[in-house]
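Survey of secondary and tertiary structure
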Amino acid sequence: MLKHEKKGNVLNRKTTVPRTAAVHLLTLALLVGSWCCRSVDGRGNFLRHDDALPKACSWTGAILEVSQEKRSDELQCRIKTITKTESLLANISSYQIDRIKSLKLECNDIMFFESSLESTTTPGNFLGNLHGLLRLSIDYCKIKYIPAHAFANMKVLKSLTLSTHNVDWSVMNLELHPDSFRGLSELKEMHLADNNIWSLPGEVFCPLQKLRVLNLTGNRLSDLTQLMLSDWGNGPTEPGRACNTGLEVLDLSGNDLTLLPDNGLTAMRSLNALHLQRNLLKEIADRAFVGLGTLEILDLSDNKLTALTPELFVSSRKIRQVYLQNNSLSVLAPGVFEGLDRLETLDLSRNQLTSTWVKRDTFAGQVRLVVLNLGHNQLSKVDQHVFKGLYSLQILNLEHNAIELLADGAFSDLKNLHALFLSHNRLRQIEPYHFSELYVLNQLILESNQIAYIHERAFENLTHLHDLSLNDNRLEEIPSGMKSLKFLQSLDLGKNQIAEINNSSFEGLEELMGLRLVDNQISEISRDTFFALSTIHVLNLASNRIRHIDQSAFSSNPTLRAIRLDNNELEDVSGVFTSLSSLVYLNISDNNIGWFDYSHYPQSLEWLDIHKNNITELGN
């Protein structure tokens, strides 16, 4: 370490450099300065990093990728209309033109200026000088028509994104020429979302023989046959012509499809994901998915489906994820999911399913099912057969139904269940056999039922439970069965009718970190009420009838960091919180406190709310 001298130090001392050495240093500095601002391209030419770009353009990521194997640079340009692109690129140096592997063009999305893909120089030569372009994105440019061979010069283009957002200007829709994309022989991804496309010319995507991802979301397409995805024709003896048979992902979400016809996708033998959510689908024909032998993800959510036919998935045995939420399903044909032994996620929430249709054998054979969502339906009971054999199930959602009855052994096969949601139902009591087999259950949500009674052995085998919610029920006391929940971390008993708590109420809850008792009828917190809660961090006692808290009520809870006591009837809290050296949040607003002394509160407090009291004097 350098030591400072009283009269100048080595850092301030003047140093004399010989004149010859100074010249060499200056020359070296100039060379270094020159080299630091240059790099070398693949042809050995020096490239300057500081070559100017038009004000509307900028590079994203690294300024220059030296490696010839990886080109991550993207040039982004904000333009008035797409026709300005040619003149904009004319002001970019040739070496920077060579660097452009990814180009993003964004038009003004506030002023509606119409754009055209016709080159201002040579017709059909849009961006003709960008021969090495791999990715092209055009956003918010109000284009009405894509002419023939519009991108024909982009021989190596891999990804094309064109989103005009014409829906923002309802009078404009995007029309395509049958040869709009001819010449894009290397294209693998095409994204034509939000263009207000109403129809497609025949064979428009046929030249794209290497296409793997086709995204047409957010348009107005109503006829699936226009995409020429079926080779069925008039049957095996007279097959039809199909295009893009190598597609792996097809996204038709957010369109106006009302029907999936028989054999409409037979040529899609490599399809992995089919997205049809947010359409107007009312009917799916029995043979709609014939040929989809490799399909793994199917999204039919947010449609108008009322029933599923029994043979719908016969040709698609590899499906792993099925999304059917937010339809109008009231009927599930027996065996509709039979044979889908690779299914992992099934979402049937927000439909009109009743226990008449969700019953024995509905989910038979789903040995790999991990997530099942039946929330927001009209189920009235859970019998002992409905979930039989679902050994891999980890998340079961039954919230917002009308369930009154849980049969003995209803969940007995769910040995791997981690989360069970039963909130917003009509349960009145919890018996010892309801959850007795759920040995690894981590989260149990029973809020907003009508539970008034919980058997003392109801939670006996829930040894791994961390989160339990009984909020908004009819409990009048802390259930004695809580004592067995030794690993519970969060307990919600809010909005019940509990009037009394004492030092035996929470015995056994040694790991509890959060306790919520808001909206009950508690009137007093006596000494060591929370003695068993040695790890408690958050305590919510708001909106009760608490008039008195013993000064030593929290003496056994040094880990408390947040307390809510607002909306009670407290008149004096002197000395109650003094020992809580970790307390950072305290809300004692909306009480009847008449005197406040800062010395009675820990210095660790960062947030204190005392408004809406009767305080007339502040001490210390």
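Located above this text is the structure these notes cover.
This section reports on the structure supplied with the text. (Residues numbered from 1 in each chain as written. Predicted model: local features only at pLDDT ≥ 70, side-chain atom pairs only at ≥ 80, totals over all residues. Heavy atoms only, no water.)

What to know about the pairing of strand β4 (residues 74-79)
As paired elements, strand β3 (residues 57-60) and β4 share 4 bridges and run antiparallel to each other. Within β4, the position partnered with Thr60 by the bridge is Glu74. Taken together, the 5 bridges between β4 and strand β5 (residues 102-107) define a ladder with parallel strand orientation. Its bridge partner lying in β5, Gln76 is registered against Lys104. (Pairing = 2+ DSSP bridges. Helix = DSSP H or I, 4+ residues; strand = E, 2+ residues; numbered from the N terminus.)

Brief notes about the nonpolar core
If you look at the biggest cluster of nonpolar residues, it comprises 160 residues, and the most contacted ones within it are Phe181, Phe289, Phe387, Phe411 and Phe577. Those elements that provide at least two residues to this core are β3, β4, α2 (85-89), β5, β7 (135-139) and β10 (159-163). Of the residues that make up this core, three or more belong to each of domain 1 (56-61 + 70-220) and domain 2 (498-619). If we ignore the near neighbours within four places in the chain, the residues touching Phe181 are Ile146, Phe151, Leu160, Leu176, Met190, Leu192, Val204, Phe205, Pro207 and Leu208. (Core = buried A, V, L, I, M, F, W, Y, C linked by side-chain atoms within 4.5 Å. Buried < 20%, exposed > 50% of the residue type's maximum accessible area, 1.4 Å probe, protein only. Domains from an automatic or database assignment. Contact = heavy atoms within 4.5 Å.)

Some remarks on the state of the cysteines
Tallied over the entire structure, the rule returns 3 disulfides. Residue pairing for Cys107: its cysteine sulfur links by disulfide to Cys141, the two sulfurs lying 1.9 Å apart. On the sign convention where negative means left-handed, the S-S torsion of about 85° between Cys107 and Cys141 marks this disulfide as right-handed. On the criterion of sequence distance, the pair formed by Cys107 in strand β5 and Cys141 in the loop between β7 and β8 (142-143) is long-range, its members being 34 residues apart. (Disulfide = S-S within 2.5 Å.)

Focus on the pattern of salt bridges
For the structure on display, the rule yields 17 salt bridges. Asp492 is the salt-bridge partner of Arg516, the closest N and O atoms lying 3.1 Å from each other. On the criterion of sequence distance, the pair formed by Arg516 in strand β33 (residues 514-516) and Asp492 in strand β32 (residues 490-492) is long-range, its members being 24 residues apart. In this structure, the salt-bridge partner of Arg527 is Asp528, at a minimum N-O distance of 3.7 Å. (Salt bridge = Lys/Arg side-chain N within 4 Å of Asp/Glu carboxyl O.)

Comments concerning the packing of aromatic side chains
In total, this model carries 15 aromatic pairs according to the counting rule given. Measuring from centroid to centroid gives 6.3 Å for Phe289 and Phe313, while their planes differ by 15°, and the two rings are stacked. One end of the pair, Phe289, is in the loop between β17 (283-284) and β18 (297-299); the other, Phe313, is in the loop between β19 (307-308) and β20 (321-323), and 24 residues separate them in sequence. Phe313 sits in the buried class, given a relative accessible area of 1%. Geometrically, the ring pair formed by Phe411 and Phe435 is stacked, given 6.3 Å between the ring centres and 15° between the ring planes. Taken as a pair, Phe411 in the loop between β26 (405-406) and β27 (419-421) and Phe435 in the loop between β28 (429-430) and β29 (443-445) lie far apart in primary sequence, 24 residues in all. The exposure class of Phe411 is buried, given its relative accessible area of 2%. The ring of Trp232 has Arg287 lying over it, and the distance from NZ or CZ to the ring centre is 5.3 Å. (Phe/Tyr/Trp six-rings, centres within 6.5 Å; stacked < 30°, edge-to-face > 60°. Lys NZ or Arg CZ within 6 Å of the ring centre and 35° of its normal.)

Quick notes on the side chain of Asn591
Here Asn591 shows up in the loop between β38 (585-587) and β39 (595-597). What makes Asn591 buried here is its relative accessible area of 3%. Reaching out from Asn591, the side chain makes a polar contact with the backbone oxygen of Ser589 at a distance of 3.0 Å. Apart from the residues within four sequence positions on either side, Asn591 is in contact with Leu565, Asp566, Asn567, Asn568, Glu569, Leu570, Lys612 and Asn613. (Polar contact = N/O pair within 3.5 Å; in protein donor to acceptor, adjacent residues only side chain to side chain.)

Thoughts on the pairing of β7
A large share of β7 lies buried, amounting to 4 of its 5 residues. Relative to β7, β5 runs parallel, the two being bridged by 5 bridges. Of the residues in β7, the one forming a bridge with Glu106 is Asp139. The pairing of β7 with β10 spans 5 bridges and is parallel.

Some remarks on a negative patch on the surface
On the surface, Asp262, Glu283, Asp286 and Glu311 cluster together into a negatively charged patch. Of note, Glu283 is situated in strand β17. (Patch = residues over 30% accessible without salt bridge, like charges linked within 9 Å, V, L, I, M, F, W, Y side chains within 5 Å. Areas by Shrake-Rupley, 256 points an atom, 1.4 Å probe, with all protein chains shown as cover. Lys, Arg positive; Asp, Glu negative; His and termini not counted. Charge placed at Lys NZ, Arg CZ, Asp CG, Glu CD.)

Re the environment of Leu274
Topologically, Leu274 is positioned in strand β16 (residues 273-275). In sequence terms Leu274 and Leu250 are 24 residues apart; their C-alpha atoms lie 5.1 Å from each other. The contact partners of Leu274, leaving out residues within four places of it in the chain, are Leu250, Leu265, Phe289, Leu292, Leu295, Ile297, Leu298 and Asp299.

Here we look at the side chain of Ser412
Tracing the sequence through the fold places Ser412 in the loop between β26 and β27. Separated by 3.0 Å, the side chain of Ser412 and the backbone oxygen of Gly409 make a polar contact. Setting aside its immediate chain neighbours within four residues, Ser412 contacts Lys388 and Glu437.

So, unusual backbone geometry
Positioned with a positive phi, Met228 is a non-glycine residue whose angle comes to about 55°. Looking at the secondary structure, you find Met228 in the loop between β13 (213-215) and β14 (249-251). For Met228, a relative accessible area of 18% corresponds to the buried category.

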